[in-house]
Amino acid sequence: MSFSPHPLSTPGCNSIQEQRDRWEIKRSRTAKQLVRTEQRYCQQLELVTTFFVEILKAKGTLKQDIRESIFSTIKAIHSANQSLLIHLENGYFGKGFDKFCSHLHHYNTYVDNIYNANKVLGIQLKKNKAFRHFKKLQEARPEFNNQKLEDLLQLPIQRIDQYKHFLEDLTSNTSPHNPEFEQLSRAVTAVCMVFQRIQDNTQYHENHLQLCRVQKLLKGRKLKVLAAGRWYIREGWLKVVPTKGAEAKPKMFFLFSDMLLQAKRCSPLHLTNGDKFAGQHTYPLQDCVVEKVLGHTKSRGGLLSLTFPKAKLLLMSNNQEDLNDWYQSLTSAIRKLHSTQAAYHQRDELRGRPLHSTAYSDNITNGNPSRKRNVMCIDTSEQAEKPPVEPDYSSPKVMKQPDIPVQRRPLQAV
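Parameters and conventions
- Residues numbered from 1 in each chain as written.
- Predicted model: local features only at pLDDT ≥ 70, side-chain atom pairs only at ≥ 80, totals over all residues.
- Heavy atoms only, no water.
- Axes fitted to C-alpha atoms, helices over the stretch in contact; angles between N-to-C directions.
- Helix = DSSP H or I, 4+ residues; strand = E, 2+ residues; numbered from the N terminus.
- Left-handed = near helix turned anticlockwise from the far one by under 90°.
- Contact = heavy atoms within 4.5 Å.
- Nonpolar A, V, L, I, M, F, W, Y, C, P; charged D, E, K, R; others polar.
- Parallel < 35°, antiparallel > 145°, perpendicular 65-115°, else oblique.
- Salt bridge = Lys/Arg side-chain N within 4 Å of Asp/Glu carboxyl O.
- Buried < 20%, exposed > 50% of the residue type's maximum accessible area, 1.4 Å probe, protein only.
- Polar contact = N/O pair within 3.5 Å; in protein donor to acceptor, adjacent residues only side chain to side chain.

Novice: I'm lost on the packing of helix α3 (residues 74–89) against helix α5 (residues 104–127) in this one. Help?
Specialist: Direction vectors running N to C along α3 and α5 enclose 145°, while the axes themselves pass 9 Å from each other. The way α3 lies across α5 gives a crossing that is left-handed. Between α3 and α5, the contacting residues are Ile74, Ala76, Ile77 and Asn81 on the first element and His106, Tyr107 and Tyr110 on the second. When the residues that make up the contact of α3 with α5 are grouped by side-chain class, the tally is 5 nonpolar, 2 polar and no charged.

Structure follows, in structure tokens:
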């Protein structure tokens, strides 16, 4: 597409120079906003390093390992951003970010530690009276303007998101012939990698919290929900249709990336487990086949058929939308599981090693890899002392399963 003016163009038509002027106006606006926010950001980082990190180190209120767990690399980040600010204030945006990106590993360390930092900070505020008093006094200083330490510790995380948008705007409004264009483009790529790291860590953390929540809902310790590589997807009530025509009974189902867990509500009269569930069966999704038996039309409710090598489930719901959601969640989980396993096999073939299944090694029995326990019975002998409580058919919890790569970094302890 040519930007050269047409010989018959009217005075209102755009010219190349007018386009360049618009780019420059947008670039100038973004640049001013970037400098202004960077100045404020560096001031806030200085508050943390001066009134918390340095004074805590001098006073010895916190041990070194605890202090480093809370503040991580914030001093190194402050130093890198002070250098960046000097370049930005002098108008060297490309050069400034080019040098700044060589220090992004400090941000990587910081974002990987942020959830652990929040945990350690919370523990110290509960157990360390001297630190609790110190924090309150420091936050009361006029320099903090009523800001809390918890909020200030989140600033490097938030700033990466802001850099991403600033750099994208600067790059899009910079001519490719400008010497800064290549530098800004490299900075966009580098910052986006840190931004994606933050997104991944957030997903890991939220998934870990969901797994911990489900684990606490289950009585006893026979079933371990927390497992490496496992992702929570959804949960809800479904009726299990027996094969011999008996009455369909509602059960709670928890869907994960590698298995479906069936549970029943414990007796409400139980002293300690009245609000919990007893795990009954786990169904590995590896060889599961899901079909809609009923529910293809707009009729009320429907029936799903889940076929495993040694078991079959008929699950019923009176809610058509809920049934469709379960069908989509199950088929998507199975498809992603097969895709992940295919990637493992391909990787092992490239390495020239024998193929080993890590996801279901616990199901191998008697040394025969072909024999897998597709159904694990748990606590099936326990009977409720009273009639079952009518389950809550409110909207089930659903968590979108991310596109999980073959390998991911482990999340910091929560």
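That was the structure; now back to the text.
Novice: Looking at this structure, I do not really get the packing of α5 against helix α9 (residues 179–217). What am I missing?
Specialist: At a closest axis distance of 10 Å, the pairing of α5 and α9 adopts a crossing angle of 10°. Put simply, α5 runs roughly parallel to α9. Residue-level contacts link Leu104, Tyr107, Asn108, Val111, Asp112 and Tyr115 of α5 to Ala190, Val191, Val194, Arg197, Ile198, Asn201, Thr202 and His205 of α9. Class assignment for the residues of the contact of α5 with α9 results in 8 nonpolar, 4 polar and 2 charged.

Novice: Sorry, what's going on with the pattern of salt bridges here?
Specialist: Between side chains of opposite charge, a pair can form when the charged atoms approach closely. Scanning all chains against the criterion turns up 13 salt bridges. Across the pair Glu139 and Lys148 runs a salt bridge, and its minimum N-O distance is 3.7 Å. Classification of Glu139 by relative accessible area gives buried; the value is 7%. A salt bridge links Glu235 to Arg213; the nearest nitrogen and oxygen atoms lie 2.6 Å apart. With Glu235 in strand β1 (residues 232–240) and Arg213 in helix α9, the pair connects residues that are 22 residues apart, well separated along the chain. One network of salt bridges, with partners in common, ties together Lys135, Glu139, Lys148 and Glu150.

Novice: Whenever I open this one, the environment of Glu89 confuses me. Can you help?
Specialist: In this fold, Glu89 is placed in helix α3. Along the sequence, Glu89 and Val35 sit 54 residues apart, while their C-alpha atoms lie 6.4 Å from each other. Discounting chain neighbours no more than four positions away, the residues touching Glu89 are Val35 and Gln39. A distance of 2.9 Å separates a polar atom in the side chain of Glu89 from a polar atom in the side chain of Gln39.

Novice: Can you walk me through the environment of Glu143 in this structure?
Specialist: Note that Glu143 resides in the loop between α6 (129–139) and α7 (149–153). Not counting chain neighbours up to four residues away, the residues in contact with Glu143 comprise Leu47 and Phe51.

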